[in-house]
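Each chain, letter by letter, is given below.
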Amino acid sequence: MAGRRTDTRERIQRVALELFAERGYDKTTLQEVAERLEITRPALYYHFRTKEAILAGVVDHLVVSIDELVVWAGEQPRTLEARQEILRRISGLLEDRWRPLFRFAQVNQGVMEDLPSGSRMQEGLISMLSVLSAPEDDPVQQFEARLAVIAVILGSIPVLFDLQLPDAERTDVALTVATKLISR
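Please read these numbers as outputs of a predicted model, since none were measured by experiment.

Draft legend 1. Broad picture of the overall build of the protein. Scanning the protein for helices and strands turns up ten helices and zero strands. Secondary structure of the protein in N-to-C order comes out as α-α-α-α-α-α-α-α-α-α. With the principal axes as the frame, the protein shows a C-alpha extent of 55 × 35 × 30 Å. Here the protein, with 184 residues, has 42% of them falling under the buried criterion. Considering only residue pairs separated by 6 or more positions, the protein has 65% of its internal contacts joining residues 24 or more positions apart.

The structure is reproduced here in structure tokens:
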């Protein structure tokens, strides 16, 4: 039964994010979320009482995933192969599951700034930017390492990386560019 409840919660979050990105957070009601899901409002309220709770749950889950990736990356050797694997894992983290959240955050920046979860997400992303650099790296290397992570992030957001490419190809292009930045 717990697995079914988790599936329903994830479905609610996914659909709510889609609506928030389409219509705007402030213009979307819980009634509209319930209608899109073809469930009753009480069924929706069983899982989430407010839009803020839906959004906080999504952001918190992403932040936990980012934190885990940052810890794992910190334990890896400083080889090119390990750094490429870190980039692949960042790309994987940002793919389909989190793409709607990034689209939402882009369209609803004010909402993200006002939520405690939004601050946590920003902190997580900043820590993720630093996973490929070390304090002893020269400033150019540190900047290139951060740009490599940014390239991967941009490659996961179609709106920001408008080359009319299929998702997989866009991701490959972003990883290629990111790898070039860290290959010195």
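Having seen the model, we can carry on.
Draft legend 2. Molecular detail of the pattern of salt bridges. Per the stated rule, a full pass over the model turns up seven salt bridges. Ionic pairing is found between aspartate 67 and arginine 120, a salt bridge with its closest N-O pair at 3.7 Å. One end of the pair, aspartate 67, is in helix H4 (residues 51-74); the other, arginine 120, is in helix H8 (residues 116-129), with 53 residues separating them in the sequence. Looking at arginine 120, the relative accessible area reads 34%, which means it is partly exposed. For glutamate 85, the salt bridge is made with arginine 88, and the minimal N-O distance between the two is 3.1 Å. Pair noted here: glutamate 85 and arginine 88 are both in helix H5 (residues 80-94), with a separation of three residues, about one helical turn. Linked through salt bridges whose partners overlap, the residues forming this network are Asp60, Asp67 and Arg120.

Calculation notes
- Throughout, residues of each chain are indexed from 1 in the direction in which the sequence is written.
- In keeping with the model being predicted, local features are shown solely for residues with a pLDDT of at least 70 and side-chain atom pairs are shown and tallied solely at 80 or more, while totals for entire chains, interfaces and linings include all residues.
- Side-chain numbers here rest on the full set of heavy atoms in the structure, without hydrogens or water.
- Here a strand is any run of E in DSSP of at least two residues, a helix any run of H or I of at least four, and the numbering for each starts at the N terminus.
- Note on classification: 1.4 Å probe, protein chains only; a residue is buried when its accessible area is under 20% of the maximum for its type, exposed when over 50%, partly exposed between these limits.
- Contact definition: two residues touch when any of their heavy atoms are within 4.5 Å.
- Salt bridge criterion: a side-chain nitrogen from Lys or Arg within 4 Å of a carboxyl oxygen from Asp or Glu.

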